[in-house]
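Survey of secondary and tertiary structure
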Amino acid sequence: MPVMKKAVLAVLIALFVPGIASAQLYPPGGVGAQPVIPFPTAPAAPPPPPITVPTVPQMNSPPPFALQNTTPGYVTQDTPPKQVLKRQRQPSFSDRVARCLDEGAAWGLNPNQRAAYSRSCANQ
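Structure report, in brief. (Residues numbered from 1 in each chain as written. Predicted model: local features only at pLDDT ≥ 70, side-chain atom pairs only at ≥ 80, totals over all residues. Heavy atoms only, no water.)

Let us look at the overall build of the protein. When helices and strands are tallied, the protein shows four helices and zero strands. In sequence order, the secondary structure elements of the protein are arranged as α-α-α-α. Counting only residues that meet the buried cut, the protein has 6% of its 124 residues in that class. Of the roughly 12500 Å² of accessible surface on the protein, a fraction of 65% belongs to carbon and sulfur atoms. (Helix = DSSP H or I, 4+ residues; strand = E, 2+ residues; numbered from the N terminus. Buried < 20%, exposed > 50% of the residue type's maximum accessible area, 1.4 Å probe, protein only. Areas by Shrake-Rupley, 256 points an atom, 1.4 Å probe, with all protein chains shown as cover.)

Printed below as a string of structure tokens:
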């Protein structure tokens, strides 16, 4: 019991003596010294955009004047440009071999016949 009496006595001293433990219980300057910071308010909502009803074009109305062709167009006769004939590039050797192997397979040749055919075909 003596321990209990000491604990109760320590609590009572801490509560009634202001200089001992009051710095731990209250902020510096006392309880009422802290200014109250208000919560920020939201900005005012922007006004809604104006609602306009679009004009519906009519099927039997003429187009606006800006879209009408008021002056006749003139077509000029020009000579067509000269054709520039370029010499076609010969396919590479590997392209020719691949083409010849495909042709041999399409004809139903076996692998040995395809090899012989592609050698003679690609060298032409």
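Turning our attention to the environment of Asp-95. Secondary-structure assignment places Asp-95 in helix 3 (residues 93-106). Once the C-alpha coordinates of Asp-95 and Ala-122 are considered, the two residues, 27 residues apart in sequence, prove to be 8.8 Å apart. Polar contacts involving the side chain of Asp-95 include one to the side chain of Ser-92, which spans 3.1 Å. (Polar contact = N/O pair within 3.5 Å; in protein donor to acceptor, adjacent residues only side chain to side chain.)

This part is about the side chain of Arg-96. Position of Arg-96 among the secondary structure elements: in helix 3. Here Arg-96 occupies a buried position and makes no salt bridge, while the nearest side chain of opposite charge, Asp-95, is found at 8.7 Å. (Lys, Arg positive; Asp, Glu negative; His and termini not counted. Salt bridge = Lys/Arg side-chain N within 4 Å of Asp/Glu carboxyl O.)

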